[in-house]
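The lines below spell out each chain.
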Amino acid sequence: MFNYLISSAADPYSSHQQLQIAEVKLTEMEMQLPPHEGDELSVVDMHTGGEPLRIIHSGYPEVKGDSVLSKRRYVREHLDHLRRVLMFEPRGHYDMYGALVVDSELPEADLGVLFMHNEGYSTMCGHAVIALGRFAVDYKLVKEPQSPETQVNIHCPCGLVKAFVEYSEGKTGGVRFLSVPAFTFATDVTVSLERFGDVTVDISYGGAFYAFVDAKRFGLDVTTSRTRDLVDAATAVTNAVKSQVKLYHPTSDDLAFLYGTILTDGKDDYSSDPTANMCVFAEAQVDRSPTGSGVTARVALQYHRGLIRLNQTRTFQSGATGSQFTGRAVEETKCGDFKAVVVEVSGRAFYTGVSRFVQEPEDKLTHGFLLK
Ligand SMILES: O=C(O)[C@H]1NCC[C@@H]1O
C-alpha cells in the first residue's frame with residue numbers, strides 16, 4: 001500500500017553523491033529477490049530506547065474489519081501465521097516487536113496501526129508510537145510537515161494517540177505523544193503467588209493494563225538483578241493477577257486484559273532524579289525501553305496517589321538498557337466512571353535498517369520458532 005512512498009523516500013537524509021551511487025547499486029541488488037513463493041513482506045526496522053520495532057508497510061493481505069479494533073480481531077483469527085513469520089526466528093527473535101500499518105476509520109487519523117509481539121496483539125505501545133511518528137513524517141504518510149513539530153495522529157487499538165515529531169530542516173527528531181485517558185484501576189490489591197507468597201500490587205491503565213510492584217518485594221533491583229530473575233518474578237505476578245483479578249475497561253471488552261507487570265525501584269515520590277522500571281509483557285517478553293504505555297500508566301498511578309501534580313515532569317529509565325523517556329500528566333479527564341489523566345510521554349527512536357522477507361515452501365522452519 002505504501003510502496004510508492006518508500007521508494008520516493010528510501011533515504012530521507014542522504015546527500016553525499018558517492019553514497020547515493022553506492023545506494024543505487026545496492027538497490028539494484030536488492031531488487032533481485034532470491035527464489036521464493038508468495039508475496040514478499042517489506043519492513044522498516046527501528047528501535048526506541050533499545051526496544052525493536054519492525055514496521056510492516058507492505059505484503060500483508062487485506063486486513064478486513066470496519067474499525068482498528070475489529071482489524072485487530074481479524075489478524076488474530078486469520079493472519080496470525082504472518083505474525084509468527086515476522087516476529088519469530090529465523091527472521092525475528094523472542095523479544096521482537098512489530099507494528100502493522102493499516103487504514104483507520106477515523107477521519108482525523110493519519111494512519112492506523114496494529115501492534116504485535118511474541119504472544120499476540122497489544123492495544124497500545126508507546127515506544128512504537130515514538131518510532132511511528134518519525135516514520136510517518138520521513139516516509140510521507142503525512143502531508144506538509146511543519147517545523148518545529150509535525151503532528152501525526154496514530155489510531156492505535158486503544159484509541160487515537162496524538163504524536164508530535166520534532167522537524168527541522170527536513171530532519172525528524174524526538175517525539176512526544178498524548179495518551180488516551182489513563183487511569184488507576186485498583187491500588188493495594190493482594191494476590192497469592194505460588195512461589196513468592198502474597199504480593200500487593202497496583203493496577204493501572206495507559207492504553208493497556210499493567211500491574212506494578214516494587215522489585216524490592218522480591219529482593220531484586222531493576223537495574224542490577226539478572227534479567228531472568230526479574231522476568232520470573234514479574235511473570236508470577238502477571239499470572240496471579242490474570243487468574244485472581246477481573247479487569248474492566250469502560251469503552252471495550254477488547255481492552256480489558258492484563259498486558260504485563262512492571263517492576264519498579266519504588267521511587268514514586270516526585271523527584272527530578274530518574275526512576276527506573278522494567279516491563280515484562282505478553283509471554284515473558286522484556287521491554288528494553290522504559291515502556292511508553294507503562295510510563296503512561298505509572299504517571300496515572302502517581303497522580304492518583306497525589307505524588308505528582310499536573311505538568312510535573314518525571315524521567316523514567318529502563319532497567320534493561322538505561323534508556324530514558326519523560327512523562328507528565330497534562331490534563332484531567334474521565335474514562336467512564338474512572339478519574340483519568342492525559343499523559344504526555346517523550347522519547348527518541350532511530351532507524352536500524354530495511355528488509356524484504358520471503359518464504360520458500362520447502363523450508364520447514366519458515367513459519368517461525370522461538371527459543372525460550
Ligand atoms: O512502550 C510501550 O508501551 C511498549 N513497549 C513494549 C511493550 C509496550 O507495548
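Notes on the structure follow. Note that the coordinates shown come from a computational prediction; the quantities given were computed from them, not determined experimentally.

## Concerning the nonpolar core
Okay, step 1: One finds Phe115, Leu132 and Val201 to be the most contacted residues of the largest nonpolar core, which totals 94 residues.
Okay, step 2: No fewer than three residues from each of domain 1 (3–178 + 351–357) and domain 2 (183–347) sit in this core.
Okay, step 3: Sequence-distant contacts of Leu132, defined by excluding residues within four places in its chain, comprise Leu53, Ile55, Ala99, Leu111, Val113, Phe115 and Ile154.
Okay, step 4: Counting residues in hydrophobic clusters, the runner-up holds 21 residues, among them Val85, Met87, Phe88 and Leu114.

## Some words on the site of the ligand
Okay, step 1: For the ligand, the set of nearby residues contains 13 residues, the closest of which are Gly126, His127, Asp287, Gly292 and Ser293.
Okay, step 2: Taking His127, its main chain carries an N or O atom lying 2.8 Å from an oxygen atom of the ligand.
Okay, step 3: Interatomic distance of 2.7 Å between a side-chain N/O atom of Asp287 and a nitrogen atom of the ligand.
Okay, step 4: Across the complex, the protein chains shield 100% of the 260 Å² of accessible surface that the ligand would expose by itself.
Okay, step 5: When residues of the shell around the ligand are traced back to their parent elements, those giving at least two are helix 5 (126–138) and helix 7 (292–304).
Okay, step 6: Both of domain 1 (3–178 + 351–357) and domain 2 (183–347) provide at least three residues apiece to the shell around the ligand.

## Notes on helix 5
Since the α-helix turns once every 3.6 residues, residues separated by three or four places project in the same direction.
Okay, step 1: The end-to-end C-alpha distance of helix 5 is 19 Å, a good match for the 18 Å that 13 residues give at a rise of 1.5 Å each.
Okay, step 2: Most of helix 5 is tucked away: 13 of the 13 residues are buried.
Okay, step 3: Directly beyond the C-terminal end of helix 5, a positive phi value near 60 degrees is found at Lys140.

What counts and how
Here the residue index of a chain counts from 1 through its sequence in written order. Predicted model: local features are reported for residues with pLDDT of at least 70 only, side-chain atom pairs are reported and counted for 80 or more only, and whole-chain, interface and lining totals are derived from all residues. The basis for every side-chain value is the complete set of non-hydrogen atoms in the structure, without hydrogens or water. In plain words, nonpolar cores are sets of buried Ala, Val, Leu, Ile, Met, Phe, Trp, Tyr and Cys residues tied together by side-chain atoms within 4.5 Å. When accessible area is computed with a 1.4 Å probe and restricted to protein chains, residues below 20% of their type maximum are described as buried, those above 50% as exposed, and intermediate ones as partly exposed. An automatic or database domain assignment is the source of the domain bounds shown. We call two residues contacting when some pair of their heavy atoms lies within 4.5 Å. Whether a residue is near a molecule or strand depends on its heavy atoms: if one lies within 4 Å, it is near. Here a polar contact is taken to be a pair of N or O atoms separated by no more than 3.5 Å, where protein atoms must pair a possible hydrogen donor with a possible acceptor and residues adjacent in sequence count only if both atoms sit in side chains. Areas reported here follow the Shrake-Rupley algorithm with a probe of radius 1.4 Å; residue values treat only the protein chains shown as occluding. A run of H or I in DSSP becomes a helix once it reaches four residues, and a run of E becomes a strand once it reaches two; helices and strands are each numbered from the N terminus. Helix span, as expected, comes to 1.5 Å for every residue beyond the first.

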